[in-house]
Amino acid sequence: FKAGTYVLGESGGPSGYTPSDWVCVGGTQDGDEITVGLGEDVVCTITNDDQPGHLIVHKVTNPVDTTNEFSITASGGTIVSPSATQPIVGGGTVNYTVHAGTYDVTEALEPGWDETDNTCEDVVVANGATEHCTITNTQRGHIIIVKDAVPNDAQDFSFTGSGTIGTFLLDDDATIALPKQRDFEVIPGTGFSVTESVPTGWKQFSVSCTDGMSNTNLTVNPGQTITCTFINHKLATIIINKDAIGGNGTFGYTSTGGSNFPANFNVETVDGTGSQTFNNIDPDLTYSIAETGLPSGWAANGVVCQNETVGGSITSRNPAGFQPTNGGTVTCTFTNNKPAAQIDLDPLTAVNKIGDDHVITANVQVHNGDGVYGAADDGTLVTFALVNSNGATASFVGGNTCTTTSGSCSVTINSPTTGNVSISASSGPVILGVTVNVETGTGGENSADAGKTYVNARITITPPSSTNEVEVDHDYTVKVEQSVEDGVWTDVEGAVANAIVSPSTSLDVFDCN
């Protein structure tokens, strides 16, 4: 160079560097001018430093969450500021000042979240450049399964869920052996299912899930909690009891409602009682029970239905339409009576003179099956019949029927001729709505038919006339005869005959046998 003054400058270098001031050794320097004298050597130096760049990390959360704090760490080059590990929240950023280089940003695992995208890997930051990258996190969802058993019970219920849910048990009692509900954390997605195996003695009443979803096809969005509640009702029991008073029999029933309660069935009694038990009855249906086709001679005497809950409380139920409580027992007791009656005649035997009225009384007694007899209802009709033999011609005086008062009534017969009369009586007293026909002479507790004998008698004296000398004894013979069969006469032994003499003062009078 010629001696003189020169202006120092630099151009054409790479970007991203910051030049320093010129530093000259030798000559006379004034800023970026240097004056070189004759024969003088001058060395001027300018230093270019690289400019720091920026790596800006963005946090995206699904769903948006500006409160949950994540921890990220940058690595790879020279980080000027801040320190490599920094907290960051959804929607937030971390601005790293770095020298040129290749960088990675990782984050620590955050419970309940999954890193679903990370563009902060192998990020090249040039001198003075600014680069952006994003880490996206998706929050896991939850499926909560709740068990509601009605009534609360220690029964274990088995569930099967898709994927990571697997199989598990729940119950609904006060113990801690098993929980009432389970919370399953799942990666958001579609097609989740949870089903229940219903144990014997229970029914699945309903399953309800959030937003009306089906428990067999659940869609879980990021951060969403879906709750499915399984309600089970404990099946009930129906017991039909029979109390038969006065005997045993087979009694028929008809029912409605179904669900293990047959439409037709029988209950047979032994020693006056019988029972049928029906299990696994759906408590959400309405049932009815009625007795049909009573055996002959039986009366229905009421039915009482009661529902006993699992807790022991008892309430009445209408047999024409009832609904058991969940897990409860409805017991319907039907009472039937087999009433009975008896008829007796009084007197059972008698002897009457022909032409005399004879009164015969019927006594009608009844009971409701318990064996304790009492008078038939007033107004009970009794019908008499008679059969003549051996010449008797008896007939009823005033009719052959009567109605009872305090269980008894009477009729009158008369025969103008001798002979035998057999008298029977029948009646149909009504007890508890059942007509019980009874008749004398049929055995059992009824009396025999009554027997009436109509008789006649005659007396003769022989000789019928005679003439005797005074003071001479005269013997008479008196003959007494009876007839119990028309036209047939027999001697009477032991009859007392009274002699009557007229005039009375002329003869001795005495009795003879």
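Residues numbered from 1 in each chain as written. Predicted model: local features only at pLDDT ≥ 70, side-chain atom pairs only at ≥ 80, totals over all residues. Heavy atoms only, no water.

A. Structural context of the overall build of the protein. For the protein, the helix and strand inventory stands at 0 helices and 48 strands. With the principal axes as the frame, the protein shows a C-alpha extent of 240 × 30 × 30 Å. Residues classed as buried in the protein amount to 34% of the 513 residues present. Once local pairs closer than 6 in sequence are excluded, the contacts in the protein between residues at least 24 apart make up 63%. Here the protein displays about 27,100 Å² of accessible surface, and carbon together with sulfur accounts for 49% of that area. (Helix = DSSP H or I, 4+ residues; strand = E, 2+ residues; numbered from the N terminus. Buried < 20%, exposed > 50% of the residue type's maximum accessible area, 1.4 Å probe, protein only. Contact = heavy atoms within 4.5 Å. Areas by Shrake-Rupley, 256 points an atom, 1.4 Å probe, with all protein chains shown as cover.)

B. Region of interest: the state of the cysteines. Using the criterion set out here, one finds 5 disulfides in the structure. Two residues, C209 and C228, share a disulfide whose sulfurs are 2.1 Å apart. Taking the torsion about the S-S bond as the criterion, the C209 to C228 disulfide, at about 115°, is right-handed. Here C209, found in strand β23 (residues 202-209), pairs with C228, found in strand β25 (residues 225-234); they are 19 residues apart in sequence, far enough to count as distant. (Disulfide = S-S within 2.5 Å.)

C. The sheet that holds strand β17 (residues 141-150), seen in detail. With mixed pairing, 4 strands are arranged side by side in an open sheet as β20-β17-β25-β23. Unpaired on one side and paired on the other, β20 (181-186) and β23 mark the two borders of the sheet. Shown here is a sheet whose adjacent strand axes are inclined to one another by a mean of 20°, direction ignored. (Pairing = 2+ DSSP bridges. Axes fitted to C-alpha atoms, helices over the stretch in contact; angles between N-to-C directions.)

D. Structural context of the nonpolar core. Grouped together as the largest cluster of nonpolar side chains are 27 residues, with contacts concentrated most on I343, L345, I360, V382, F384, V421 and I423. Among the elements that line this core, the one with the most residues is strand β36 (residues 358-367), at 4 residues. Non-local contacts of I343, meaning those with residues more than four positions away in its chain, are made with A362, N363, V364, V382, A425, S426, S427, V438, E439, T440, N446 and S447. F157, F159, L218 and V220 belong to the second largest nonpolar core, which has 20 residues in total. (Core = buried A, V, L, I, M, F, W, Y, C linked by side-chain atoms within 4.5 Å.)

E. Representation of the environment of S466 in the model. In this fold, S466 is placed in the loop between β46 (450-462) and β47 (477-485). Separated by 10 residues in sequence, S466 and Y476 have C-alpha atoms that sit 9.9 Å apart. What S466 contacts, discounting residues up to four positions off in sequence, is H474 and Y476. Engagement of the side chain of S466 in a polar contact is seen with the side chain of N468, the distance being 3.4 Å. (Polar contact = N/O pair within 3.5 Å; in protein donor to acceptor, adjacent residues only side chain to side chain.)

F. How the structure looks around the sheet that holds strand β15 (residues 123-125). Ordered by their spatial adjacency, 4 strands build an open sheet running β11-β9-β13-β15, and the pairing between neighbours is antiparallel. Each edge of the open sheet carries a strand with a single partner, namely β11 (85-89) and β15. Going across the sheet, the axis of each strand differs from the next one's by a mean of 35°, ignoring polarity. Summarising the sheet, strand β9 (residues 69-75) and β11 pair through 5 bridges and their orientation is antiparallel. Note on β11: the bridge partner recorded for S71 is P87.

G. Spatial organisation of the pattern of salt bridges. With the rule as written, the count across this model stands at 12 salt bridges. D172 serves as the salt-bridge partner of K180, at 3.0 Å between the closest nitrogen and oxygen. The class for D172 is buried, based on a relative accessible area of 4%. Between E481 and K479 there is a salt bridge; the shortest N-O distance is 3.8 Å. By sharing partners, the salt bridges in this structure join R458, K479, E481 and D491 into a single network. (Salt bridge = Lys/Arg side-chain N within 4 Å of Asp/Glu carboxyl O.)

H. Quick look at a negative patch on the surface. Together, E115, D117, E121 and D122 make up a region of like negative charge exposed at the surface. Tracing the sequence through the fold places D117 in strand β14 (residues 113-118). Residue D117 is classed as partly exposed on the basis of its relative accessible area, which comes to 40%. (Patch = residues over 30% accessible without salt bridge, like charges linked within 9 Å, V, L, I, M, F, W, Y side chains within 5 Å. Lys, Arg positive; Asp, Glu negative; His and termini not counted. Charge placed at Lys NZ, Arg CZ, Asp CG, Glu CD.)

I. Representation of unusual backbone geometry within the structure. Cis geometry marks the peptide bond from V150 to P151, where omega comes out at 0°. Considering the arrangement of structural elements, one finds P151 in the loop between β17 and β18 (153-161). For D122, which is not glycine, the phi dihedral falls at a positive 55°. Mapped onto the fold, D122 is located in the loop between β14 and β15. Residue classification places D122 among the exposed residues on the basis of a relative accessible area of 57%. Residue D211 is not a glycine yet carries a positive backbone phi of 60°. On the secondary structure map, D211 appears in the loop between β23 and β24 (218-220).

J. Region of interest: the side chain of N118. Within the secondary structure, N118 sits in strand β14. In this structure the side chain of N118 is engaged in a polar contact, spanning 3.2 Å, whose partner is the backbone oxygen of V105. At a separation of 2.7 Å, a polar atom in the side chain of N118 contacts the main-chain amide nitrogen of C120. Setting aside residues no more than four positions away along its own chain, N118 makes contact with V105, T134 and I135.

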